[in-house]
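Here is what each chain is made of, one letter per residue.
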Amino acid sequence: MRNDSCSPRCRMRQSVTRWLPLAALLAALQVMPAMAGEALIGGDVDSLLAYAREHNPEFASVRYEAEAASERVTPAGALPDPKLRTELMDLTRQGTQSPNVLPGRVGSARYTLMQDVPWFGKRDLKREIAELEAEGSQGRATGVWHEIAARIKSGYAQLYFVVRSEALNREILALMVRLEQVAQLRYASGLAAQQDVIRAQVEQTALRNELLGLENERRQLQARLNAWLARPVTAPLAEPERLRPVPPPARLQAAELEERVRARNPQLFADEARIKAAEKSRDLALKNRYPDFTFGVVPNQTQSTVRQWDMMVEVNVPLQQATRRAQERESEAMLAAARTRKEATANQVLGELGETLSGLDVARRTEILTTSSLLPQAELTFQAALPGYETGKVDFATLLDAQRQIRLARQNILKAQAEARIRLADLEKLLGEEL
C-alpha cells in the first residue's frame, strides 16, 4: 500500500506551483502585442507630424474656428424670421361685458404676419461675404498648420544633429582613449613627454563636458517637441533615424518658387480672401442707399369668423445719408487697408523666400564640399600623423590637431544637413505644401 503523507492543501500548493510558469508565459504573450502597439514616435518626422495634426491644440482651435466660419454662410444669406403681431380690439365689446382677452370674445382681433425683405442683392452679398470670410479662416488654419509643421521639422532636424553629435563625440572620445594609451606606452618607454598623456586626458575631459551640454540640449529639444505634440514634456521619443531628402536644385528655381508662393502661400490666400470680402462689403454699403421692405398679411377676426383680409407693405426711408456716406467711406478704407496688407505680406514672404533659398543653397554646397574634400583630407592627415607619432616623427600636438580636423569636418557635415532641413521646412511653410 502507497504511503501518501501529503495533505490536500499540500497537493494543491504543488499543483499551483507547476502551473505558475505556464501562467506567466501566457501573461507575457498577452502583453507583448500591447507593447508592440505602443511603438515610440519620433523615428522620422512624419510620425511627429501625424501625431501633431491629431493632437496639437493650437491647430485644433483654428480648425474649429474655420468650421464655425463656414457655418455662418447659410444664416448670412437667409431671410430674417417672420414676425407675428396680434391685436385685440374692444375688449369690453362697447361696455357690454367685462374685459376679456379671448379672441372670440372681443369686438375684433387682428393678426399681422410680417416678413422683412432686404433690397435686391443684399442677401447674396452677405452670403458671399460670409463665404469669403470662411475661405480666409480656412487659409489662416492652413497657415497655422504649416507654421506648426515647420517648428516640428526644424526641431526634429536639430534633435537629429544633437543625437548624431553625441554619437560622434563618443566615437572621438574612444579614439582619444586609444591615443592616451599610445602616449602612455611611449612615455613609459622614454620616447615621449608626460605632457602628451596630459593633453590626451584634457581632450577627453573637454569631450565629456561637450557631451553633458549635448545631453542637456537633447532633453530641451525633446521637451519642446513634446510640447508641440501636446504630450508630457518628459514623454519618451524615439531617436531620430533619418532626415527627409532635400529636392534637387532643378526643383528650387527662384522664379518658379516665387510664382508658387504668390499662388499658394496661406497668408497671401487669406489676405486675398480678405480683399474680396472687403470689396463685397463696399458693394453692400452702396446698396444700403436703397430701402428694405416689410410685407404683411393681416386677417381680421370678428368673434369666431375671419371676414376681412388686409395686406401691408412697409418701407424704411433712407434719410440718414450722412451716416450711409460714412459707412461707404469706411468700406473703401477697409478695402484699401486689405490691399495694402496683402502687398506688405507679399513683400515679407518673398523676402523670406530669398533668404531661405540662399541658406538652403549654402547648406547644400557646404555639405558637398566638406564631404568630398575637407573630410577626406582630414582623415588622410590623421592616418599619416598616427604612425608618425608612434615612430617619433610627429609630435602629439600635430596628432591632436589632425583628430580635431576630422571631428570638425564631421560636425560641419551634420550641421549642414540639419541646416538644409530647417531651411526646407521654412520653404515648405512659405509654399503651403510639401516639396
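This text follows the structure it describes.
Because the structure is a prediction, the values reported are computed rather than measured. (Residues numbered from 1 in each chain as written. Predicted model: local features only at pLDDT ≥ 70, side-chain atom pairs only at ≥ 80, totals over all residues. Heavy atoms only, no water.)

### Description of a nonpolar patch on the surface
Taken together, the side chains of Phe 295, Met 311, Val 313 and Val 315 make up a nonpolar region of the molecular surface, amounting to roughly 390 Å² of accessible area. With three residues, the top contributor of residues to the nonpolar patch is strand β4 (residues 305-315). Here Phe 295 is to be found in strand β3 (residues 293-302). (Patch = residues over 30% accessible without salt bridge, like charges linked within 9 Å, V, L, I, M, F, W, Y side chains within 5 Å. Areas by Shrake-Rupley, 256 points an atom, 1.4 Å probe, with all protein chains shown as cover. Salt bridge = Lys/Arg side-chain N within 4 Å of Asp/Glu carboxyl O. Helix = DSSP H or I, 4+ residues; strand = E, 2+ residues; numbered from the N terminus.)

### Here's the deal with the layout of surface pockets
A volume near 210 Å³ is recorded for the largest pocket. Broken down by secondary-structure element, the contributors of at least two residues to the lining of the largest pocket are α5 (122-188), α8 (266-287) and α9 (321-390). Considering each element in turn, the lining of the largest pocket owes the most residues, six residues, to α8. Here the residues of the lining of the largest pocket are counted per class, giving eight nonpolar, two polar and four charged. Volume-wise, the second largest pocket comes out at about 150 Å³. What lines the second largest pocket is simply Gly 143, Val 144, His 146, Glu 147, Asn 265, Pro 266, Gln 267, Gln 348, Glu 352, Lys 429 and Leu 430. For the lining of the second largest pocket, the secondary structure elements donating two or more residues are α5, α8, α9 and α10 (396-431). Among the elements that take part in the lining of the second largest pocket, α5 stands out by supplying four residues, more than any other. For the lining of the second largest pocket, the per-class residue count stands at three nonpolar, five polar and three charged. (1 Å grid on protein atoms, 1.4 Å probe; cavity = no way out; pocket = protein on both sides within 12 Å on 5 of 7 lines; lining within 4 Å. Points joined across faces, edges and corners; volume = space filled by probe spheres on them. Nonpolar A, V, L, I, M, F, W, Y, C, P; charged D, E, K, R; others polar.)

### Focus on the environment of Gln 348
Positionally, Gln 348 belongs in helix α9. As a C-alpha pair, Gln 348 and Glu 58 span 290 residues in sequence and 24 Å in three-dimensional space.

### Quick look at the packing of α5 against α10
For the pair α5 and α10, the least separation of the axes is 9 Å and the interaxial angle reads 170°. Looking at the two axes, α5 sits roughly antiparallel to α10. Its residues placed into classes, the contact of α5 with α10 shows 17 nonpolar, eight polar and ten charged. (Axes fitted to C-alpha atoms, helices over the stretch in contact; angles between N-to-C directions. Parallel < 35°, antiparallel > 145°, perpendicular 65-115°, else oblique.)

### Side note on the side chain of Asn 265
With respect to the helices and strands, the residue Asn 265 is situated in the loop between α7 (254-264) and α8. Its relative accessible area of 2% is what places Asn 265 among the buried residues. (Buried < 20%, exposed > 50% of the residue type's maximum accessible area, 1.4 Å probe, protein only.)

### Points about unusual backbone geometry
A positive phi angle, close to 60°, is found at Asp 90, a residue other than glycine. Structurally, the position occupied by Asp 90 is in the loop between β1 (83-89) and β2 (108-117). Within the chain, Ala 230 stands out as a residue other than glycine whose phi angle is a positive 60°. The residue Ala 230 is located in the loop between α6 (194-228) and α7 in this model.

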